[in-house]
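One letter stands for each residue in the lines below.
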Amino acid sequence: MDPNNQSKLRLSRVSHQYPGASGEPLVVLKDISLDIANGEFVTIVGGSGSGKTTLLRIVDRLIPPSSGQVLIDGKVVERPGGQISFVFQQDCLMPWRRVLGNATYGLDLRGVAKSDAQERARKYLDLVGLSGFERYYPHQLSGGMRQRVNLARALAVEPDILLMDEPFAALDAQTRELMQIELLRIWKQTGKTILFVTHQLDEAVFLADRVVALSARPGSIREVLDIDIPRPRDIEIKRTTHFQDYVSRLWHLIEADVRRSFRAETAAEA
Amino acid sequence: MQISEPPGALSVATRKLASVAVSIVGVVIVWELLGRYVIQNDLIFAPLSHIFAKMYQMAGTGELWRHLKASGSAFIIGYMSAVIMGVGFGLLIALRPRLSFFMEPWLIALYATPMIALAPIFVVLLGIGIYSKIAIIFIEAFFPVTANAALGVRSTSKELIEASRSFGATEGQVMRTVLIPYSLPFIIAGMRIAVARGLAGVVIAEIFGSVAGVGNMIWFSAESYDMPKLFSGVFILAGTSIVLMSTLARLERVVAPWRAS
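## What to know about the interface of chain B and chain A
In step 1: Counting from both sides, the interface comprises 19 residues of chain B and, opposite them, 26 residues of chain A.
In step 2: For the pair chain B and chain A, the number of links is one salt bridge.
In step 3: With its nearest N and O atoms 2.8 Å apart, the salt bridge here joins A:R57 to B:E162.
In step 4: At the boundary of chain B and chain A, one finds seven residue pairs in polar contact (both at pLDDT 80 or more).
In step 5: Sorting the residues of the side of chain B that touches chain A by element identifies α7 (158–166), α8 (171–208) and α11 (257–260) of chain B as the ones contributing at least two each.
In step 6: With seven residues, α7(B) is the single largest residue contributor to the side of chain B that touches chain A.
In step 7: A class-by-class count of the residues in the side of chain B that touches chain A yields ten nonpolar, six polar and three charged.

See the structure below:
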């Protein structure tokens, strides 16, 4: 990254802790510093307990960090809903709104006139491949289609930055792969800066310019991996050894944490 | 080859409709025959034809309208104000837990006390007439609406609220665009319970103090063994309840289409 170029999104020593049950604070995130350039695609991986989702919620200012700062274009983020859109894990669509009504949701909140909002929503529904489904209710769509609506809703407010919290986790493997390709196409067409959390290592490598590997309890940056795979990428590259090398390097970075939480869970079950 | 139903088979919906029709026609016939040939005593039973003749006659003299007006106006005022205030109060206690702790013992006490025991107090306080009726109907209908509105708000998906906030929604916008639409089916379910309780309130209120009304009509005809008139009152209450409840059920499907399927 060009050091003279101001980063789009900067996390500066972000830490977060919850008041613990025993009186000792539970530290979930520790000293996370990260600079993300405009238009960059960064993915975050880590075992359970690495605070991935908490980190995204802090970046969106849904919760304030215990210490540290989040800056967009050099300015501190004060409240949610500005230049950032959040795409959630489950589809958080309003079941009483039709597809079009869901896509205009963020615009409605910002007081955009109905016809303008609908025009913009249609544009992004078209971009995610859902033209013709405007009058459907979410419960009439498949999981993959609902996540497309979720994405269109996030894009319709025309944010600079998209935060995505395991958006494809609930989809079946084939749909997930198609959605990854779709997301890369949309990213290329819109030029958004994307911060994407996932627990799937191949997804992290496939999508990203850089992958951030978090350690667990407390979550801190273990390593940042530059993914040197040319774009456009298609599904075939997942079969290459070059790609698999990245995946296994990531696995080694987080393996100890994953095994520890696995042991903790099996112990809890016993 | 095309797969189709075997000839002569009926669809599930048609079969259901047919069963309902057979059931209704069957009961009507049995009732009429029972009244005409088995219990030939109008002091304890009445065939349907006598009941409907009585209603027709009462409609002609204007007596029916007098009762309907007395009960109907009290029910509409009591029920509607219970729904409006119940929704408001339900939202309030769901959003302000401290207030709900403060109010809870009194709400529970009032809800738990049988209305038939409370009704005389209202009649003494508010007199014989529409005010005591409205109060009794209001209290009967208020609790189910309040409880369900609060339940709706409390069970609203946290993810939806967070999604709304992430788009920069203010507290008021979260309320208007998430909490209220999510709670609507709960509120309507509460309104359905409130119909049954409110109509029971009409009858209870009119035992203790009334000069007219469907409940009044039922009590007076019971005392004078006027079975056709008594059944007329019962049919009016049952018919009102059925119409209101099925309308609300339909409304629930309109505001919450995702719950229907």
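## Comments concerning the sheet that holds strand β4 (residues 67–72) of chain A
Residues and elements named next belong to chain A.
In step 1: Taken in spatial order, the four strands of this open sheet run β2-β1-β4-β5, and their pairing is antiparallel. Strand pairing shows two members of the sheet lacking a second neighbour, β2 (26–36) and β5 (75–76), which therefore form its edges.
In step 2: Here β4 pairs with β5 via two bridges, running antiparallel. Residue pairing for β5: L71 is matched across the bridge by V76.
In step 3: Strands in contact with helix α1 (residues 52–59) are β1 (9–18), β2 and β4; relative to β1, the strand with the most contacts, it is inclined by about 120°.

## Comments concerning unusual backbone geometry
Residue and element names in this part refer to chain A.
In step 1: The amide bond that connects R217 to the next residue, P218, takes the cis arrangement and shows omega of -5°.
In step 2: As for its position among the elements, P218 is in the loop between β9 (210–214) and β10 (221–226).
In step 3: Of the consecutive residues R231 and P232, the connecting peptide bond is found in the cis state with omega at -5°.
In step 4: Residue position: P232 is located in the loop between β10 and α8 (241–269).
In step 5: Tracing the chain through its elements places R217 in the loop between β9 and β10.

Definitions and limits used
Residues numbered from 1 in each chain as written. Chains lettered and ligands numbered in written order. Predicted model: local features only at pLDDT ≥ 70, side-chain atom pairs only at ≥ 80, totals over all residues. Heavy atoms only, no water. Contact = heavy atoms within 4.5 Å. Salt bridge = Lys/Arg side-chain N within 4 Å of Asp/Glu carboxyl O. Polar contact = N/O pair within 3.5 Å; in protein donor to acceptor, adjacent residues only side chain to side chain. Helix = DSSP H or I, 4+ residues; strand = E, 2+ residues; numbered from the N terminus. Nonpolar A, V, L, I, M, F, W, Y, C, P; charged D, E, K, R; others polar. Pairing = 2+ DSSP bridges. Axes fitted to C-alpha atoms, helices over the stretch in contact; angles between N-to-C directions.

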